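# Examination of the molecular architecture
Chain by chain, the residues:
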Amino acid sequence: MSEPDLVPDSPVDRLKVDGGNVSSLAETSGEPAAAASYQAKKKGVFFWLAIIWLAIILICVLFANFLPVPEIDERVGDIRQGPSSENLLGTNNLGRSVLSQCIYGARRSMGVAMIATLGGTIMGGTIGLLAGFYRRTIDTVLTSIVNIMLAIPGLVLALALVGFFAPSGGFEDQRFLFFDVSPATNATLWTAIALAILATPAIARVARAQTLVWSDREFVLASRTIGTRNLRIIVRDVLPNVLPAMASFALIGIAALVVVEAALAFFGVGDVTGASWGIAINNGRADLEDYPHMVLFPSLFMFLTILSLNYLADKFVDLSDIREAGV
Amino acid sequence: MAAIVILIVGWIVGIPLSIRLGLAFLVIVAGAMVTNGSYVLKRLATLVPTLLLVTLFTFFLQTKRVTPEVVAIRVLGTGANADAVDKFIVENNLDAPFLQQYLDWLSGAVVGDLGTSFVNNISVSEQIGEAIPISLQLMVYAQLLALVISVPAGVYAAYRASRRGDAVVSTAALGFLSIPNFILATFLVYILALWLDLLPATSYVYLHESVIDHFKHMLLPSVSLAMALSATYMRLLRGDMVSTLQESFITTAKAKGVSPAKVLWGHALRPSSFTLLTVFAVNSGVLIGGALIIEIIFIIPGMGNKIVAAIVGFDFLVLQGAVVVLAVGFVLLNFLIDLLYTALDPRIRNVRA
Amino acid sequence: MSNAEPKGNSERLLEVEGLSTKFLTARGTVTAVDNVSFTLDRGKTLGVVGESGSGKTVLSRSIMNLLPRKNVERTGSVRFDGREVLNLSDKDMRHIWGKEMAMVFQDPMTSLNPVMRIGKQITESLRIHLGVDKKTARQEAIELLRSVKIPEPEKRVDEYPHQLSGGMRQRVMIAVALACGPRMLFADEPTTALDVTVQAQILNLLAEQQRDRFMAMVLVTHDLGVVAGRADEIAVMYGGRLVEKAPTATLFRSMKHPYTEALFRSIPRIENPSHTRLLAIGGRPPDLVNPPKGCAFADRCPRVQTMCREERPKLVNAITAGHSYACFYPTGTPEGDKALEDNIVAGVPAALEVQITDAPSGI
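Residues numbered from 1 in each chain as written. Chains lettered and ligands numbered in written order. Predicted model: local features only at pLDDT ≥ 70, side-chain atom pairs only at ≥ 80, totals over all residues. Heavy atoms only, no water.

## Comments concerning the overall build of chain B
Assigned secondary structure in chain B consists of 16 helices and zero strands. Counting the 353 residues in chain B, one finds 49% classified as buried. Taking as baseline every contact in chain B between residues at least 6 positions apart, the subset at least 24 positions apart corresponds to 69%. Accessible area for chain B stands at about 15400 Å²; split by element, carbon and sulfur atoms hold 69% of it. (Helix = DSSP H or I, 4+ residues; strand = E, 2+ residues; numbered from the N terminus. Buried < 20%, exposed > 50% of the residue type's maximum accessible area, 1.4 Å probe, protein only. Contact = heavy atoms within 4.5 Å. Areas by Shrake-Rupley, 256 points an atom, 1.4 Å probe, with all protein chains shown as cover.)

In structure tokens:
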């Protein structure tokens, strides 16, 4: 990512590493390496701002019902009111609080994205580890599957998958695995599953590339020579080293899936009755000209969340010196 | 290069797009065959199974999604009587086993017949043929715009690495990367179209109808797509260029008395552009069918719009056709990237030759 | 150039006076070059010898002004052809780089642009400095390739670096450096990355070109053997400082500094019986962030005495003209011999090493 990676401490050491060549387009490698890497290790204000914002969002996801805001479907005043002291962010086309839409929307948007990313990381990670570790036939087969999924544009695949999985409509409770859930919840859960499948190939690629690098290292060969079982090598030696890159990628994954989840609302696929950022934005678009606040605030929530996730993913790479091999 | 000439000349002369694309591709492949036959054949051989599996996969997702009755009712309307539904199912062969339906479709597809939509009775090839040029235009505009923004920005940021100029550019890039394109589109429409009334908010005008109106209508969609793209490209280019600038051949150039601008653009840019090129090419494929939301928001009758309409309307032959075209495009693009690499990096050229 | 009429001694091309280069890092200030002075006449060769980290590479880059500007502090004076160049901006240096001073780098694999044709890399400086048109430049490039003895130059000029062998690439690198006929050439470990069989060819080529073009050359190397027959004068660097400087013949006849001696012992020699043990220099180069108070070589020196650790020896002149060294107990003097004997008795490891290897060969 940035130049501080892998640069030793003093410029003299660096001369040796570079084979005696100091990079010297003067303005380019402005400071000696040591100072640069020193700076990169600092976390900084934005790091903590991002953490705080994501913590707030996480609280919304987990405890939306307990927060002192109006219920999601409660009519709090006239429709399409701008921000006021009573309704901080105004009301929407049904006279509901936009703030509540944003907070409850976080639950749905982030919840789906996080569950999907977790699922995608488990599936993609497994595929990537197996393909990268065993190589040969297993690699060929798994890589082909991944490539096929990547050959279809992401959103098209998402639409097809959600359309396939998510049951449409109905008012009675439906079965989701072993539980009876409302149609909306059922559709949402299946959306998460569809998005998990969507996320799988990209994560599998990262995991495979990293596994290829790490499983060639001496300590893995050492484990092999003393007869350690493959599964144990994968879990004990390879996985811990592959994990940082995957974690960083998972942050970006959540950010990307938040967008996809919102996009689905634009197409009216999946559940469109509840509250999500995408639904709120899409509903507000009709009144954009006269009441922009209905679009602005959910957009702001989304933007800040995605920005925080992207920023943290960047920082994570800087702090842990990951080189994204072959991503 | 000859391929591009064919594309442009064909466009002017008015040859149908599918023929133009086919010809252009044949020229490129023929050129590659001359220099490196076995490699090209090997790559082409992987195309066939990929396409089979992609189509099988989408066909499965579509047909297994709902019962034929649901499709029939959706197409015919909720008031349709049972006889009409039955007739529709039999006519469209919807009750046949899945594999047989797929093979029926496939046997047509291999000879170029992608079927006829049972929703509006228009041939699928015709529908896609109309939509693709529009999506291609949008893709080309967005990509050009993204390059025009990202390349200078990336070069500048790498030149000022870890200084203020870099910080400003990199932070802006992170910001644009974090704005979903539909949100950007929504606000661009609000400010430039609704509020300032400078540009049209929606719809599409053909290039041959009015060049000025065409670009007026395409500006906002292109910008909406280009901003996040340019942020991605800028970050890739900056990263690669920062490491290129550490290379000793840069010092050599400097010691020759080459000016910083020439070092950056003449010496460092080309060896730093490989990752950018890959992602650029992959995006070209994705954007043709992947600009779904933008096409919906701006009501542009391109591939994205066709795909969404097909998914929502159970028009799965159209979806199937669109996915095939996109998948072929994707695989061919990957193939072209490899050929382009060899043009940019002489080291690869000679390994293969 | 404004200096059509060079000031001062017209024989003098380069005068370096009290040059120091410091890197400001997070760990502290690194003094990579410490108070170095020397002069170089037109057409002459100076060999700069030292191990990795001795500051010899930074020295040549400091003189050529090729180091980054930020967090690098250079003091002293560098006069090139009578003109002070130490504080020139990059913009002004660009008229000197390539045209007046040029550099051949260590690793020809990485110091040529992999995606640019050889011809273009050679002609680039011609086009910049002399405004030569494309066609003439190409002819010049072919001539240059021929002069550095590359076979089939008409064909090679259109090839890329990876199509050539390491030795050929270094020849190209030399052609790049020579393109504008510079008066001063820095060769920074020009043969280190090359195969042994090619090293001599490259060094001979450099010497030949230098003679033909009447260039002055600074030949930087870690190998005393490389400069032995090729330099007019040799400067030995250790820990960023000059520790000994003398005309080549004088140096080999009567070297004074124990570090020079140690470098000398580490050269394999043909006249020695096979299996003669080579003396490696024990220990590590000094820490440049916290340099020792006394002599930088003290920790590794077979003659080290209390005084060496307390006080820093200055460069003093020897009896022979042009020979100077920085040591309190130099080789070949009664004090020096006594110090070595005392250390052998006291069991100083570095001294014992010298005793063991000295015994059979009997220097």
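## Concerning the overall build of chain C
Secondary structure assignment for chain C yields 14 helices and twelve strands. A compact globule built from 363 residues should have a C-alpha radius of gyration of about 21 Å, and chain C, at 22 Å, falls within 12% of that. Each of the three principal axes of chain C carries a C-alpha extent, and together these read 70 × 45 × 40 Å. Looking at the 363 residues of chain C, the share that counts as buried comes to 56%. Restricting the contact set of chain C to residue pairs at least 6 apart, pairs at least 24 apart contribute 65%. Put simply, chain C shows about 15700 Å² of open surface, and 52% of that area lies on carbon and sulfur atoms. In chain C, which carries 47 positive and 43 negative side-chain charges, the distance between the mean positions of the two groups comes to 5 Å. (Rg over C-alpha atoms; globule rule 2.2 N^0.38 Å. Lys, Arg positive; Asp, Glu negative; His and termini not counted. Charge placed at Lys NZ, Arg CZ, Asp CG, Glu CD.)

## A short note on unusual backbone geometry
Its identity is not glycine, yet A:Arg135 carries a phi of approximately 55 degrees, on the positive side. Owing to a relative accessible area of 27%, A:Arg135 belongs among the partly exposed residues under this scheme. The backbone of C:Asn35 shows a phi angle near 55 degrees, a positive value even though the residue is not glycine. With respect to the helices and strands, C:Asn35 occurs in strand E2 (residues 28-41).

## Remarks on the interface of chain B and chain A
If you look at the interface, chain B gives 56 residues, while chain A gives 48 residues. Counting the surface lost from both chain B and chain A, the interface buries some 4700 Å², and carbon and sulfur atoms represent 73% of this. One salt bridge connects A:Asp314 with B:Arg235, and the closest N-O pair in it is separated by 2.9 Å. Remark: the boundary between chain B and chain A carries two residue pairs in polar contact (both at pLDDT 80 or more). With eight residues, helix H2 (residues 17-63) of chain B is the single largest residue contributor to the side of chain B that touches chain A. Residue composition of the side of chain B that touches chain A, grouped by class: 36 nonpolar, 13 polar and seven charged. (Buried area = accessible area lost by both parts, 1.4 Å probe. Salt bridge = Lys/Arg side-chain N within 4 Å of Asp/Glu carboxyl O. Polar contact = N/O pair within 3.5 Å; in protein donor to acceptor, adjacent residues only side chain to side chain. Nonpolar A, V, L, I, M, F, W, Y, C, P; charged D, E, K, R; others polar.)

## Topic: the pattern of salt bridges
Pairing is possible between side chains of opposite charge, provided their charged atoms come close. Residues and elements named next belong to chain C. Enumeration over the complete set of coordinates arrives at 26 salt bridges over all chains. The salt bridge partner of Arg146 is Glu154, with a shortest N-O separation of 2.6 Å. Accessibility expressed as a relative area gives 40% for Arg146, which makes it partly exposed. Residues joined by salt bridges that share partners form a network here, namely Arg42, Asp81, Glu100 and Arg183.

## Re the sheet that holds strand E8 (residues 216-221) of chain C
All names here are of chain C. Pairing within the open sheet is mixed, and its eight strands lie in the order E6-E7-E8-E3-E9-E10-E12-E11. Each having just a single partner strand, strand E6 (101-104) and strand E11 (316-317) make up the two edges of the open sheet. Here strand E3 (residues 45-49) runs beside E8; their pairing, made up of five bridges, is parallel. Pairing of Thr45 across the sheet is with Met217, part of E8. (Pairing = 2+ DSSP bridges.)

## Some thoughts on the nonpolar core
If you look at the biggest cluster of nonpolar residues, it comprises 157 residues, and the most contacted ones within it are A:Leu195, A:Phe267, A:Trp277, A:Met302, B:Trp105 and B:Phe182. The leading source of residues in this core is helix H9 (residues 230-267) of chain A, at 15 residues. Once residues within four sequence positions are removed from consideration, B:Trp105 is found in contact with B:Thr55, B:Phe59, B:Leu114, B:Leu317, B:Gln320 and B:Val324. Counting residues in each nonpolar core, the second largest holds 103 residues, with C:Leu66, C:Met101, C:Leu126 and C:Tyr329 among its members. (Core = buried A, V, L, I, M, F, W, Y, C linked by side-chain atoms within 4.5 Å.)

## Focus: a nonpolar patch on the surface
On the surface, A:Val45, A:Phe46, A:Trp48, A:Leu49, A:Ile51, A:Ile52 and A:Ile56 cluster together to form a nonpolar patch covering roughly 710 Å² of accessible area. Mapped onto the elements of the fold, A:Phe46 is located in helix H3 (residues 44-63). (Patch = residues over 30% accessible without salt bridge, like charges linked within 9 Å, V, L, I, M, F, W, Y side chains within 5 Å.)

## Let's talk about the packing of aromatic side chains
One pass over the structure, following the stated rule, counts 20 aromatic pairs over all chains. Each ring, one from B:Phe59 and one from B:Trp105, has its centre 6.2 Å from the other, and the planes form 35 degrees; the classification is tilted. Highlighted residues: B:Phe59 in helix H2 and B:Trp105 in helix H5 (residues 98-110), separated in sequence by 46 residues. Here the two residues B:Phe59 and B:Trp105 agree in accessibility, since each one is buried. Taking 5.0 Å as the distance between ring centres and 80 degrees as the angle between the ring planes, the aromatic pair formed by C:Tyr238 and C:Phe297 counts as edge-to-face. Within this pair, whereas C:Tyr238 is found in strand E9 (residues 233-238), its partner C:Phe297 is found in the loop between helix H11 (258-265) and helix H12 (306-310), the two being separated by 59 residues in sequence. Like C:Phe297, C:Tyr238 is buried. The structure contains a cluster of three or more aromatic residues connected by ring pairs, namely B:Phe59, B:Phe60, B:Phe98, B:Tyr102 and B:Trp105. Over the face of the ring belonging to A:Trp214 we find A:Arg217, whose NZ or CZ atom lies 4.4 Å from the ring centre. (Phe/Tyr/Trp six-rings, centres within 6.5 Å; stacked < 30°, edge-to-face > 60°. Lys NZ or Arg CZ within 6 Å of the ring centre and 35° of its normal.)

## Digging into the environment of C:Met184
All names here are of chain C. Structurally, Met184 can be placed in strand E7 (residues 184-188). You can call Met184 buried: its relative accessible area is 0%. The spatial distance from the C-alpha of Met184 to the C-alpha of Asp41 is 10.0 Å, given a sequence separation of 143 residues. Those residues within four positions of Met184 in sequence are excluded, and the remaining contacts are Leu13, Leu14, Leu40, Phe80, Glu100, Met101, Ala102, Ala216, Met217 and Val218.

## Looking at the pairing of E9(C)
Residue and element names in this part refer to chain C. Counting buried residues in E9 gives six out of six residues, a clear majority hidden from the surface. Going residue by residue along E9, you find Glu233, Ala235 and Met237 tucked away on one face and Ile234, Val236 and Tyr238 tucked away on the opposite face as well. The pairing of E9 with strand E10 (residues 241-247) spans six bridges and is classified as antiparallel. Paired with Val236 across the bridge in E10 is Glu244.

## Here we look at the confidence of the model for chain C
Residues and elements named next belong to chain C. Residues at a pLDDT of 70 or more form 91% of chain C, whose mean pLDDT is 83. Below pLDDT 50 for its whole length, residues 1-8 participates in seven contacts with residues either more than four positions away or in separate chains. The low-confidence segment residues 359-363 (pLDDT under 50) makes one contact with residues lying over four places distant or belonging to another chain. Two summary scores accompany this predicted model of the complex, namely pTM at 0.81 and ipTM at 0.80. (pLDDT = per-residue confidence, 0-100.)

## Examining the interface of chain C and chain B
Taken together, the contact pairs 29 residues of chain C with 23 residues of chain B. Carbon and sulfur atoms supply 58% of the area buried between chain C and chain B, which totals about 2200 Å² over both sides. It is C:Arg94, C:Val115 and C:His162 in chain C that bury the most area against chain B; as a group they hold 24% of the surface buried on that side. At the surface where chain C touches chain B, the tally comes to two salt bridges. Measuring nitrogen to oxygen at the nearest pair gives 3.0 Å for the salt bridge that ties B:Lys256 to C:Glu124. Remark: the boundary between chain C and chain B carries ten residue pairs in polar contact (both at pLDDT 80 or more). For the side of chain C that touches chain B, the secondary structure elements donating two or more residues are helix H1 (56-64), helix H3 (108-111), helix H4 (118-130) and helix H7 (166-178) of chain C. Looking at the side of chain C that touches chain B, the element that brings in the most residues is H4(C), giving five residues.

## Digging into the side chain of C:Gln121
Residues and elements named next belong to chain C. Relative to the assigned elements, Gln121 resides in helix H4. Given a relative accessible area of 3%, Gln121 falls into the buried group. One polar contact links the side chain of Gln121 to the main-chain carbonyl oxygen of Met116, over a distance of 2.9 Å.

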